[in-house]
Amino acid sequence: MERNVNLPIIFLDRDGTIIKDKIYLNNPKEIKFYKDIFMSMKKLQLSGYKFVIVTNQSGIARGYVSRKNVILIHKKIREILKSKGIKIFKIYFCPHHPEEKCGCRKPAIGMVKNIISLIDKKKSFMIGDLPTDIEFGKNLGIKTILIKRKKLKNFSVKPDYIVKTFSSAAKKIISLEKKC
Ligand SMILES: [Zn+2]
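A brief structural summary. (Residues numbered from 1 in each chain as written. Predicted model: local features only at pLDDT ≥ 70, side-chain atom pairs only at ≥ 80, totals over all residues.)

**Some details on the overall build of the chain**
Point 1. Per the secondary structure count, the chain includes five helices and six strands.
Point 2. Along the chain, helices and strands appear, N-terminal first, in the series β-α-β-α-α-β-β-α-β-β-α.
Point 3. Taking 16 Å as the expected radius of gyration for a compact globule of 180 residues, we find that the chain reaches 15 Å, a close match to that expectation.
Point 4. Viewed in the frame of its principal axes, the chain has a C-alpha envelope of about 45 × 40 × 35 Å.
Point 5. Looking at the 180 residues of the chain, the share that counts as buried comes to 36%.
Point 6. Sequence separation of 24 or more characterises 62% of the internal contacts of the chain that already satisfy a separation of 6 or more. (Helix = DSSP H or I, 4+ residues; strand = E, 2+ residues; numbered from the N terminus. Rg over C-alpha atoms; globule rule 2.2 N^0.38 Å. Buried ≥ 20, exposed ≤ 12 C-beta atoms within 10 Å, placed from the backbone. Contact = placed C-beta atoms within 7 Å.)

Shown next as structure tokens:
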């Protein structure tokens, strides 16, 4: 992989951010994208962003989801997005149980350690629907956007921006870019 490149990357949470949250999704046939994802990701891609999906999948450690199925689900997500002309740079998942205290479960940033040197931190964003996603973005030193799809309790971390839909997140990013 190239060194000393500065990529503007949009880190995306998976469940509840780009696809509908289904507890311990274990079947590629049950993937349901939010409707505004395709056009929004297309616009962001045209603006030069790369996409990296980062997802905690403790269902693997808990025995509710098989690692094989998570990989198949990610293959299917790539295929569906590709059919819309959208390319995914990387997909990372943490298979561990929270109690394992691994270094890769969000909000830790171990999942993306191999690409840290490639990130243009000034231009990159994390988009997610949970406080852990926002903390992850902060730990990475990039801007954060919370898609507030549901009420969140004990919400102490402060996202840079709060929106209601993915398309609003995309619009926000594009409007910020124009100001630069
Ligand atoms: Zn982990």
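Past the structure itself, the notes keep going.
**Re the pairing of strand E5 (residues 143–147)**
Point 1. Of all five residues making up E5, five are buried, and the element is well covered by its neighbours.
Point 2. Burial along E5 is two-sided: the face carrying Lys-143, Ile-145 and Ile-147 and the face carrying Thr-144 and Leu-146 are both buried.
Point 3. With four bridges joining them, strand E4 (residues 125–128) and E5 adopt parallel strand pairing. Note that in E5 the partner of Ile-127 across the bridge is Ile-145.
Point 4. Between the parallel pair E4 and E5, the chain is carried across by helix H4 (residues 131–140), and the sense of this crossover is right-handed.
Point 5. Taken together, the three bridges between E5 and strand E6 (residues 161–163) define a ladder with parallel strand orientation. By the bridge assignment, Ile-147 is partnered in E6 with Val-163. (Pairing = 2+ DSSP bridges. Right-handed = clockwise from strand over helix to strand, strands pointing away.)

**Quick word on unusual backbone geometry**
Point 1. Residues Lys-106 and Pro-107 are joined by a peptide bond in cis, for which omega reads 15°.
Point 2. Tracing the backbone shows Pro-107 in the loop between strand E3 (90–94) and E4.
Point 3. For Tyr-24, which is not a glycine, the phi torsion comes out positive at approximately 50°.
Point 4. Mapping Tyr-24 onto the fold places it in the loop between strand E1 (9–12) and helix H1 (37–46).
Point 5. Of the residues examined, Tyr-24 has 14 C-beta atoms within 10 Å and is grouped as partly exposed.
Point 6. Positive phi is not limited to glycine here, since Lys-101 has a value of about 50°.

**Some points on the nonpolar core**
Point 1. Of all hydrophobic cores here, the largest spans 42 residues; its most connected members are Ile-10, Phe-11, Phe-125 and Ile-127.
Point 2. In this view, Phe-125 contacts Ile-10, Phe-11, Ile-142, Lys-143, Ile-145 and Ile-173; residues no more than four positions away in its chain are not counted. (Core = buried A, V, L, I, M, F, W, Y, C linked by C-beta atoms within 7 Å.)

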